[in-house]
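So you can see what is in the structure, the chains are spelled out below.
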Amino acid sequence: MRFDYSHPEIQSIYDQPLPRLCHQAQAIHAENHPDDQVQLCSLLSIKTGGCREDCGYCPQSAHHDTSLSSSPLLDVDTVVAQAKSAKEGGATRFCMGAAWRSPPAREKLFQQLLDIATAVNALGMQVCMTLGMLTAEQARRLKAAGVYAYNHNLDTSPEYYPQVISTRTYEERLQTLKHVRAAGMTVCCGGIIGMGEEKSDRIGLLQQLNMMNPHPESVPINLLVRVAGTPFADKSSIDIFELVRTIATARIIMPLSKVRLSAGRTEMSDEAQAMCFIAGANSIFTGDKLLTTENPETSKDMQLLQRLGLKSARG
Ligand code: SAM
Ligand code: DTB
Ligand code: SF4
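Residues numbered from 1 in each chain as written. Chains lettered and ligands numbered in written order. Predicted model: local features only at pLDDT ≥ 70, side-chain atom pairs only at ≥ 80, totals over all residues. Heavy atoms only, no water.

## Some thoughts on the packing of helix 7 (residues 199-211) against helix 8 (residues 240-253)
Closest axis-to-axis distance for the helix 7/helix 8 pair is 10 Å, and the angle between their directions is 25°. Between helix 7 and helix 8, the interaxial angle falls into the category roughly parallel. Here the hand of the crossing between helix 7 and helix 8 comes out right-handed. Counted together, Lys199, Arg202, Leu206 and Asn210 of helix 7 and Glu242, Thr246, Thr249, Ala250 and Ile253 of helix 8 form the full contact between these two elements. (Axes fitted to C-alpha atoms, helices over the stretch in contact; angles between N-to-C directions. Helix = DSSP H or I, 4+ residues; strand = E, 2+ residues; numbered from the N terminus. Parallel < 35°, antiparallel > 145°, perpendicular 65-115°, else oblique. Left-handed = near helix turned anticlockwise from the far one by under 90°. Contact = heavy atoms within 4.5 Å.)

## Describing the site of ligand 1
Around ligand 1, a shell composed of 16 residues is seen, among which Tyr57, Asn153, Asp155, Arg168 and Val225 lie nearest. Contacts to ligand 1 include Tyr57, whose backbone N or O atom sits 3.1 Å from a nitrogen atom. Residue Ala98 places a main-chain N or O atom 3.1 Å away from a nitrogen atom belonging to ligand 1. In the complex, the protein chains occlude 91% of the 550 Å² of accessible area that ligand 1 would expose alone. (Near = heavy atom within 4 Å. Polar contact = N/O pair within 3.5 Å; in protein donor to acceptor, adjacent residues only side chain to side chain. Areas by Shrake-Rupley, 256 points an atom, 1.4 Å probe, with all protein chains shown as cover.)

## Side note on the pattern of salt bridges
Within this structure, the stated rule accounts for 17 salt bridges. For the salt bridge of Arg2 with Glu9, the shortest nitrogen-to-oxygen distance reads 2.9 Å. Owing to a relative accessible area of 32%, Arg2 belongs among the partly exposed residues under this scheme. (Salt bridge = Lys/Arg side-chain N within 4 Å of Asp/Glu carboxyl O. Buried < 20%, exposed > 50% of the residue type's maximum accessible area, 1.4 Å probe, protein only.)

## Quick word on the site of ligand 3
Around ligand 3 sit Cys51, Glu53, Cys55, Tyr57, Cys58, Ser61, Ala99, Trp100 and Arg168, and that is every residue in its neighbourhood. Because more than half of its atoms lie within 2 Å of the grid, ligand 3 is assigned to the largest cavity. (1 Å grid on protein atoms, 1.4 Å probe; cavity = no way out; pocket = protein on both sides within 12 Å on 5 of 7 lines; lining within 4 Å. Sits in = over half its atoms within 2 Å of the grid points.)

## Details of helix 1 (residues 7-14)
Residues separated by three or four positions in an α-helix point in the same direction, a consequence of the helix having 3.6 residues per turn. Those residues of helix 1 lying buried are Ile10, Ile13 and Tyr14. Seen end-on, helix 1 carries its buried residues on one side only, within an arc spanning 100°. Where helix 1 is buried, its residues touch helix 2 (18-32), helix 7 and helix 8. (Arc of directions from axis to C-beta.)

## Topic: the environment of Val76
Mapping Val76 onto the fold places it in helix 3 (residues 76-88). Distance in space between the C-alpha atoms of Val76 and Leu114 is 9.6 Å, their sequence separation being 38 residues. The contacts of Val76, once residues within four sequence positions are left out, are Gln112, Asp115, Ile116 and Ala119.

## Digging into the layout of surface pockets
Taken as a whole, the largest pocket spans an internal volume of roughly 410 Å³. Along the wall of the largest pocket there are 23 residues; nearest its centre are Ser42, Leu43, Leu44, Gln82 and Lys289. Counting residues per element, the ones that place at least two in the lining of the largest pocket are strand 1 (37-47) and helix 3. Here the residues of the lining of the largest pocket are counted per class, giving nine nonpolar, 12 polar and two charged. (Points joined across faces, edges and corners; volume = space filled by probe spheres on them. Nonpolar A, V, L, I, M, F, W, Y, C, P; charged D, E, K, R; others polar.)

## Side note on the pairing of strand 1
For strand 1, the buried fraction is high: 10 of the 11 residues fall into the buried class. Bridging between strand 1 and strand 10 (residues 311-312) involves two bridges; their strand directions are parallel. From the neighbouring strand, Val38 faces strand 10, where its bridge partner is Ser312. Relative to strand 9 (residues 283-286), strand 1 runs parallel, the two being bridged by four bridges. What sits directly across from Leu40, in strand 9, is Ile284. Examined bridge by bridge, strand 1 and strand 2 (residues 93-98) share six bridges and lie parallel to one another. For Cys41, the partnering residue across the bridge sits in strand 2 and is Arg93. (Pairing = 2+ DSSP bridges.)

Structure below.
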């Protein structure tokens, strides 16, 4: 296990002829994971829109004029009902996202979050939350309430980051990730590709993820969903093989991590998704919706997995 890959080393992995890159990724995948299994995660937006941050890609930022309707934190029963149906649909992990810079300081609302975590945990699902920046204390309380994983993305390289977000720093993100790790939650951390970044930024992101010791247990790789009204709505589409290369490189330099083919699947062909699985992706979001944007229909996903001879992983 290495945590010190240099930028040129990662680049030389990334730049290999694609068949060689995929071959190497597959070998490492098969050594460390069941190679016929894909983890199914379900996503729910528990607090939507009106976010104070200015992330250029995000439809939920109050800085952008998107046609999204906001809603306050959902109550426990509503969330539990959704989690139950996700479980019936085969999901083993339930991820809840909130459009916040950080969770509310108001105790009553924070307690509601803890109650949600406890109730979803009681269904026997892995509870994942993504609520923005956390203090050490908030992280400890979430862990104690049964939160298994916390998602907080680095999104891109430190160099490209200022083109994406101005309201919080890369350093602040790393700080939250430290608190998550110290509290004993597992870390879910990845990024977005297709935001107009250079290849060196994708490599820079991979290097940052690799430097984390231990590596994040899950690494979501999102393809930018271009939402009208966001500053990134008109970014040109990226060559899909860059996504395949990013996934394969993540698999090689973080052998034990789950690599999640996350947002952006509605724009991908079945063949492109299959290549991502061949490159070592072993987790996806299922369910018709991500947080606010579309995801492939569950029945279509199940068909695709079946056609590829893949099955859903337990746990
Ligand atoms: N507000 C919290 C935060 O930013 O940490 C949690 C929710 S936020 C929507 C979670 C992640 O979704 C972001 O870090 C980003 O990587 C991803 N995301 C948001 N909008 C996206 C888009 N349009 N396309 C791809 N990924 C996106
Ligand atoms: C992650 O990396 N991708 C998910 C999850 N973490 C929370 C979110 C994708 C959001 C895509 C845009 C939307 O649906 O709003
Ligand atoms: Fe807010 Fe998260 Fe969207 Fe950024 S990505 S605007 S923090 S909801």
